[in-house]
Amino acid sequence: MATSDFSTTLAFAAPRRLNSEAMTMVHRVVFMGTPQFAIPTLQGLIDQYPVVGVVTQPDRPGGRGRKLQPSPVKTLAQKYGLPVLQPPSLRDSEALAALQTLQPDVIVVAAFGQILRPQVLDLPPAGCINVHASLLPRWRGAAPVAAAILAGDETTGVTLMK
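Along each chain, numbering runs from 1 in the same order as the chain's sequence is written. Predicted model: local features are reported for residues with pLDDT of at least 70 only, side-chain atom pairs are reported and counted for 80 or more only, and whole-chain, interface and lining totals are derived from all residues. Only hydrogens and water are set aside; all other atoms, that is, all heavy atoms of the structure, feed into the side-chain values.

### Observations regarding the pairing of strand β1 (residues 29–33)
Along any regular strand, the residues point their side chains to alternate faces of the sheet. The buried fraction of β1 amounts to five of the five residues, a majority that puts the element mostly inside the structure. Burial classification: accessible surface area is computed with a 1.4 Å probe over protein chains only, and a residue below 20% of its type maximum counts as buried, one above 50% as exposed, and the rest as partly exposed. Segments assigned H or I by DSSP are reported as helices when at least four residues long, segments assigned E as strands when at least two residues long, and all are numbered from the N terminus. Residues V29, F31 and G33 point to one face of β1 and V30 and M32 to the other, with burial holding for every one of them. Strands pair, by our definition, only if DSSP identifies at least two bridges between them. Where β1 meets strand β2 (residues 51–55), four bridges bridge the pair, whose relative direction is parallel. Along β2, the bridge assignment pairs M32 with V55.

In structure tokens form, the structure reads like this:
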């Protein structure tokens, strides 16, 4: 399979509504993500659920002038007027308190860039749902798409887990 076919299939597939019992009872969704990979998931949530806040990595220097650049997730969240939190770490008590004020029923995570501690995982009554960019357990870690391409995988996908 050509790389362009792989990226088209993986990165631009239409998001599907999560039909779990927990998601049908959801009134408040918080989304955590940072890169372009997370955009289809966030857009799908915005289209179908009440997203009350977005957590993403802090702006980073980029481009030739090394000016601070917002993440793709922050840019989309701001387009919809959603509150954006950008804590350097969710281990910080202020960051956790800010997340608690959003009162999420569920947290959906897609390529956020931090490991979530039990205090975050236990916060929403419906739990946290993670969208991972590979068919686990084959490609764990920070670069599963690149790993699948380098290995010549002809088939890949996305794993959802609670």
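Having seen it, we continue.
### Some words on the packing of helix α3 (residues 39–48) against helix α4 (residues 72–79)
The description of two packed helices rests on the angle between their axes and on the distance between the axes. Packing of α3 against α4 leaves a shortest axis separation of 10 Å and a crossing angle of 20°. With respect to α4, the axis of α3 lies roughly parallel. As for the relative orientation of α3 and α4, their crossing is right-handed in sense. Here I39, L42, Q43 and I46 of α3 lie close against α4, whose contacting residues are P72, V73, L76 and A77. Any residue that is not Ala, Val, Leu, Ile, Met, Phe, Trp, Tyr, Cys, Pro, Asp, Glu, Lys or Arg is counted as polar, Gly included; the first ten are nonpolar and the last four charged. Looking at the contact of α3 with α4 residue by residue, the classes come out as seven nonpolar, one polar and no charged. All axes here are fitted lines through C-alpha atoms, helices being fitted over the stretch that makes contact, and every angle between N-to-C directions spans 0 to 180 degrees. For classification purposes, angles smaller than 35 degrees are called roughly parallel, those larger than 145 roughly antiparallel, those between 65 and 115 roughly perpendicular, and all remaining angles oblique. Each crossing gets its handedness from the near helix: less than a right angle anticlockwise from the far helix is left-handed, clockwise is right-handed. The contact criterion used is simple: two residues touch if any of their non-hydrogen atoms lie within 4.5 Å.

### Examining the environment of Y49
Turning to its location among the elements, Y49 is positioned in the loop between α3 and β2. C-alpha separation for the pair Y49 and V29, spaced 20 residues apart in sequence, amounts to 7.0 Å.

### Quick notes on the side chain of D153
The residue D153 is located in the loop between α7 (144–150) and β8 (159–161) in this model. Ignoring sequence-local partners within four residues, the contact set of D153 consists of R138, W139 and A148.

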